[in-house]
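Residue strings, one per chain:
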Amino acid sequence: MIATVTKSMSNDVFNVQKVRDEFPILDQEINGHPLVYLDNAATTQKPNAVIEAISDYYRGYNSNVHRGAHSLSDRATVAFEHARDTVAKFVCSPKKEQVIWTRGTTEAINLVAHSWGRNNIGAGDKILVSTLEHHSNIVPWQILAEEMGAQLIPIPILTTGDIDIPAFSALLDERVKMVSVGHVSNALGTVNPLKNIISAAHAVGAKVFIDGAQAVAHFPVDVQALGCDFYGFSGHKLFGPTGIGVLWGREALLNEMPPYHGGGEMIESCSFSGTTFNVLPYKFEAGTPDIAGVIGLAAAIDYLNTLDRNAIIAHERDLLTYCHQLAEKCSGLKRVGEAENIAGVFSFLLDGAHPSDVGMLLDQQGVAVRTGHHCAQPLMEALNVPGTVRASFSMYNTREDVERFFAALEKVKQFI
Ligand code: PLP
């Protein structure tokens, strides 16, 4: 075990085995083989701190928030609002009121498309999204564009999987009202040059939404330094629970936006002659929220904050570099997406094999990957591939995982 630890450590400061020890799910066999979990872009695993925080809430202080006149409700409310502070600091938000709880990235985008979009997009306006996007960052804008008589325009990409920046610049004019792009592509791992994209979009008066679903687990995010107008992410891709996520927005924009959902908690007063709405962030948080999810997400961030994030970046970079080295020696393997700046993802095809067969044969050897279009069908079409096999890495993966993955791929080749 010690030998494995030493071998798995990619640098002096990051003790990957210590991190793995906090993730109980990783220590198991799948189909008679030690689990190699390489499906982190789909969802990350949860550390003990998160599992315990959720359990403590349900065992010790389960209660509704903001409304109870009793101690348990006070405790739940304090934890719930403290979590908002934690997230605000995590993304460097000027104020905690700019952090809106959602069910995930998908709901964050739908909220903005619905609330901001229906009030700011008109006939003939343009919405730009990149060809790299997850369907979550396409379909809400498509629905909006159809409803308002606007145009949804894809920003082209290069064969490397980078956004074609000159082509993007050429699409910009004063009719562009929204540019919505991912921070990191879920299918290829491309890290987009956001500062350039955001400043160019702002120069024509457009607002910018950043889909941060695939970014937050890999490196620190500072919404003020980025200069975006909205930023969304999901708790479950950040070592937190499913069903909870965040929309961050500029205060002035959020204040101008009408509510997305109606119901309890989002009103200031309600009568049959008319209803007035609550202040931020509650205006956007109708109904009983996912209290356990919020508490679990804050626990995930608190846990991540105990680690050296620069060391995580170095460790994950080492894993990807090692993966690329072994890929070069793997006959019949073709990488899909070769952008210079990549986080967490290795997408590929194997000669003569359908991605889903590769995934199934890897699973038989304990290696969990994702196959298919990765909810990015327009991207697959642009790259002219039926789908890919995607191995996606997280901070708890090791060089040994990479070796097991390639050893399993060699066996896959014997079957195809
Ligand atoms: N955006 C990207 C880039 C994603 O990878 C995903 C999920 O895979 C989403 C959005 C949607 O996230 P969720 O399903 O958590 O709302």
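Just so you know, these numbers come straight off a predicted model, no measurement behind them.

Visitor: I would appreciate a short explanation of the site of the ligand in the present structure.
Guide: Around the ligand, the structure places Gly104, Thr105, Thr106, His134, Ser136, Asn186, Asp211, Ala213, Gln214, Ser234, His236 and Lys237. One of the backbone N or O atoms of threonine 105 is found 3.3 Å from an oxygen atom in the ligand. Between histidine 236 and the ligand, the recorded distance is 2.7 Å, taken from a side-chain N or O atom to an oxygen atom. In the complex, the protein chains occlude 85% of the 390 Å² of accessible area that the ligand would expose alone.

Visitor: Looking at this structure, how should I read the domain arrangement of the protein chain?
Guide: The extent of an interface is frequently quoted as the accessible surface area lost upon association of the parts. Domains assigned within the protein chain are domain 1 (16–30 + 308–413) and domain 2 (51–305). Each of domain 1 and domain 2 was reduced to a C-alpha centroid, and the two centroids are 28 Å apart. A combined buried area of about 2,400 Å² lies between domain 1 and domain 2, and 63% of that area is made up of carbon and sulfur atoms. Summed over the shared surface of domain 1 and domain 2, the number is zero salt bridges. Across the contact surface, domain 1 and domain 2 share twelve residue pairs in polar contact (both at pLDDT 80 or more). Among the elements of the structure, helix H13 (309–328), strand E14 (345–350) and helix H15 (377–383) are those that each provide at least two residues to the side of domain 1 that touches domain 2. For the side of domain 1 that touches domain 2, the element with the highest residue contribution is H15, accounting for six residues. Residues of the side of domain 1 that touches domain 2, tallied by class, amount to 20 nonpolar, eight polar and six charged.

Visitor: How should the environment of leucine 132 be read in this particular structure?
Guide: By secondary structure assignment, the location of leucine 132 is in the loop between strand E5 (126–130) and helix H7 (139–148). A relative accessible area of 3% places leucine 132 in the buried class. As a C-alpha pair, leucine 132 and glutamate 410 span 278 residues in sequence and 30 Å in three-dimensional space. Look past the residues within four positions of leucine 132 in its chain and what remains in contact with it is Ile157, Gly161, Ile163, Ser185, Asn186, Leu188, Thr190, Asn192, Ala376 and Leu379.

Visitor: Just to check I follow, could you spell out the pattern of salt bridges for this structure?
Guide: When the charged atoms of two side chains with opposite charge come close together, those side chains can pair. In total, this model carries 17 salt bridges according to the counting rule given. Where aspartate 173 meets lysine 126, a salt bridge forms, and the shortest distance between an N and an O atom there is 2.6 Å. With aspartate 173 in the loop between helix H8 (165–171) and strand E7 (176–182) and lysine 126 in strand E5, this pair connects stretches of sequence that are 47 residues apart. Classification of lysine 126 by relative accessible area gives buried; the value is 15%. Note that glutamate 400 and arginine 404 form a salt bridge whose closest N and O atoms lie 3.2 Å from each other. Here glutamate 400 pairs with arginine 404, and both are found in helix H16 (residues 399–415), just four residues apart, close to one helical turn. Under the relative-accessibility criterion, arginine 404 is labelled partly exposed at 33%.

Visitor: What is the right way to read the nonpolar core from this model?
Guide: Across soluble globular proteins, nonpolar side chains show a tendency to be buried alongside one another. Of all hydrophobic cores here, the largest spans 83 residues; its most connected members are Trp101, Val179, Tyr231, Phe233, Leu238, Leu379 and Met395. Here the element with the most residues in this core is helix H12 (residues 291–305); it accounts for eleven residues. Each of domain 1 (16–30 + 308–413) and domain 2 (51–305) gives at least three residues to this core. Beyond its immediate chain neighbours, meaning those up to four positions away, phenylalanine 233 contacts Val87, Phe90, Val91, Gly104, Thr105, Gly212, Ala213, Val216, Leu238, Gly245 and Val246.

Visitor: Sorry, what's going on with the pairing of strand E9 (residues 230–234) here?
Guide: Residues in a regular strand point their side chains to alternate faces of the sheet. Taking burial as the measure, the five residues of E9 include five buried ones, the bulk of the element. Of the two faces of E9, both are covered, the one formed by Phe230, Gly232 and Ser234 as well as the one formed by Tyr231 and Phe233. Of the strand pairs in this sheet, strand E8 (residues 207–211) and E9 are connected by three bridges, and their pairing is parallel. Across the sheet, the residue bridging to aspartate 211 is glycine 232, located in E9. Note: E9 against strand E10 (residues 245–249), five bridges, orientation antiparallel. In the sheet register, serine 234 faces E10, and the bridge partner there is glycine 245.

Reading the values: rules and limits
- Residues numbered from 1 in each chain as written.
- Predicted model: local features only at pLDDT ≥ 70, side-chain atom pairs only at ≥ 80, totals over all residues.
- Heavy atoms only, no water.
- Near = heavy atom within 4 Å.
- Polar contact = N/O pair within 3.5 Å; in protein donor to acceptor, adjacent residues only side chain to side chain.
- Areas by Shrake-Rupley, 256 points an atom, 1.4 Å probe, with all protein chains shown as cover.
- Domains from an automatic or database assignment.
- Buried area = accessible area lost by both parts, 1.4 Å probe.
- Salt bridge = Lys/Arg side-chain N within 4 Å of Asp/Glu carboxyl O.
- Helix = DSSP H or I, 4+ residues; strand = E, 2+ residues; numbered from the N terminus.
- Nonpolar A, V, L, I, M, F, W, Y, C, P; charged D, E, K, R; others polar.
- Buried < 20%, exposed > 50% of the residue type's maximum accessible area, 1.4 Å probe, protein only.
- Contact = heavy atoms within 4.5 Å.
- Core = buried A, V, L, I, M, F, W, Y, C linked by side-chain atoms within 4.5 Å.
- Pairing = 2+ DSSP bridges.

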